[in-house]
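Single-letter residue listing:
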Amino acid sequence: MTDFAAVKAALKTQAVETPSWAYGNSGTRFKVFAQQGVPRTVREKLDDAAQVHAVTGIAPTVALHIPWDDVSDGSGGWAALAKYASERGLKLGTINSNTFQDDDYRLGSVCHPDAAVRRKALGHLFACVDIMDATGSKDLKLWFADGTNYPGQDDIRARQDRLAEALAAVYERLGADQRMLLEYKFFEPAFYTTDVPDWGTAYAHCLKLGDKAQVVVDTGHHAPGTNIEFIVATLLREGKLGGFDFNSRFYADDDLMVGAADPFQLFRIMYEVIRGGGFTPDVAFMLDQCHNIEAKIPAIVRSVMNVQEATAKALLVDRSALAVAQREGDVLEAHAVVMDAYNTDVRPLLCEVREELGVDPDPVGAYRRSGWGSRIVAERVGGQQAGWGA
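Residues numbered from 1 in each chain as written. Predicted model: local features only at pLDDT ≥ 70, side-chain atom pairs only at ≥ 80, totals over all residues. Heavy atoms only, no water.

What about the packing of aromatic side chains?
Counted only if it meets this: Within 6.5 Å between ring centres, the rings of Phe, Tyr and Trp (the latter by its six-membered ring) count as paired, and their orientation is classed by plane angle as stacked under 30 degrees, edge-to-face over 60, tilted in between. A run of H or I in DSSP counts as a helix once it spans at least four residues, and a run of E counts as a strand once it spans at least two, with each numbered from the N terminus. Partly exposed describes any residue whose relative accessible area lies between the buried limit of under 20% and the exposed limit of over 50%, with all areas from a 1.4 Å probe on protein chains only and scaled to the type maximum.
This structure, assessed with the given rule, holds 13 aromatic pairs. Here the aromatic rings of Trp-199 and Tyr-203 are separated by 6.4 Å at their centres, their planes lie at 50°, and the arrangement is tilted. Placement of the pair is Trp-199 and Tyr-203 together in helix α6 (residues 199–209), with a separation of four residues, close to one helical turn. Its relative accessible area of 18% is what places Tyr-203 among the buried residues. Clustering of aromatic rings is evident, with ring pairs tying together Trp-21, Trp-68, Phe-100 and Trp-143.

Put into structure tokens, the structure is as follows:
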């Protein structure tokens, strides 16, 4: 029999980190559609993030992206930004580096054949750790667009050596309570070789570095048909799963709302997280999404709810019954146990959880009724909207 009290208690401990860049104008490399009311500063991004946390109750941290979240506007610096977040019931979370937008990085950043470019990239990564020190952030997320487009363009092994050298230098710069999370992506923008193309490459580098180096799984960064939950289970078994970038993809890294394309996959992933002991603060549950045509804040609210729903269903799996069926080799019964949990309507349960957390049982409706969307459209006039152009 399911212990619903235990399930509810577990759900109340859940925390989903939202990304600052998802509140700005974001989209594809072909077009970014501007929207009214989009934040113009990182502080306005935090204002929006506070609304998400207010209606969901489980989004207390915000990931920053450097230099997209610049504070060199005279607003007081990073410590002041952390204080601003705290005043709104938030904390600053993962610091995300950016070594892919400068023209110097056309042939790579930390893997570039030119040592001067590598030094520039490494300097940026060190600066990101400085920001962690100032904000109290614990995690540095590294994603490299480095790779090649043509056979012979560069030495594949030499690029791995350069990558290892840079990662080791950053690792040494980390404080005792800080981590680096290495992200992988099997293609794009490089199309022949990618220097961190898969979980195995990321794992191999992190294994050599030590306990403060972990792998982050972006759910959109896999080839069609990849069994992501197997990767999650393996990394948890090895103690090397540091976190997630949750999003959905239909074809290739579409960065859609998490759970939109394949909610069953999200459920399967969350089951392996729970089964493998990963439902702890040591595994960061982050969103990484680009809301191109949908309204930003409601889309982020919906994503947080989708993660919460998949988690609730995963917690409902009768693990004792499943273990019996597995031991007896009863394939159909084992599958039925999993499907019974997945097919459970957990929305009434989540309404109870939200009420007990002191938030509205209907987060989307609560946001609409708050009037925040109309307010920011009226107030955020003029200035430069946050985001990136395309």
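From this point, things continue past the structure.
Focus: the packing of helix α10 (residues 319–327) against helix α11 (residues 331–342)
Quick note on the threshold: Convention adopted: a line fitted to C-alpha atoms gives each axis, helices being fitted over their contacting stretch, and angles between N-to-C directions are expressed from 0 to 180 degrees. Roughly parallel means an angle under 35 degrees; roughly antiparallel means over 145; roughly perpendicular covers 65 to 115; every other angle is labelled oblique. By definition, any crossing whose near helix is turned counterclockwise from its far helix by less than a right angle is left-handed, and any crossing with a clockwise turn is right-handed. When checking whether two residues touch, look at their non-hydrogen atoms; a contact exists if any pair is within 4.5 Å. Residue type decides the class: Asp, Glu, Lys and Arg count as charged, Ala, Val, Leu, Ile, Met, Phe, Trp, Tyr, Cys and Pro as nonpolar, and the leftover types, Gly among them, as polar.
Where α10 meets α11, the axes come as close as 8 Å, and the angle between the chain directions of the two elements is 160°. The angle between α10 and α11 falls in the class roughly antiparallel. Here α10 and α11 pass one another in a crossing that is left-handed. Note on element contacts: α11 touches α10 through Glu-333, Ala-334, Val-337 and Val-338, opposite Ala-321, Leu-322, Ala-325 and Gln-326. Tallied by class, the residues present in the contact of α10 with α11 amount to six nonpolar, one polar and one charged.

Digging into the side chain of Gln-35
Operational definition: We define a polar contact as two N or O atoms separated by no more than 3.5 Å, with the added condition that, inside protein, one atom must be a possible hydrogen donor and the other a possible acceptor, whereas residues neighbouring each other in sequence contribute only through side-chain atom pairs.
Checked against the element boundaries, Gln-35 lands in the loop between β1 (18–19) and α2 (42–56). There is a polar contact of 2.9 Å between the side chain of Gln-35 and the backbone oxygen of Glu-294. Residue contacts for Gln-35: discarding those within four places in its chain leaves Asn-25, His-291, Asn-292, Ile-293, Glu-294, Ala-295, Lys-296 and Gln-385.

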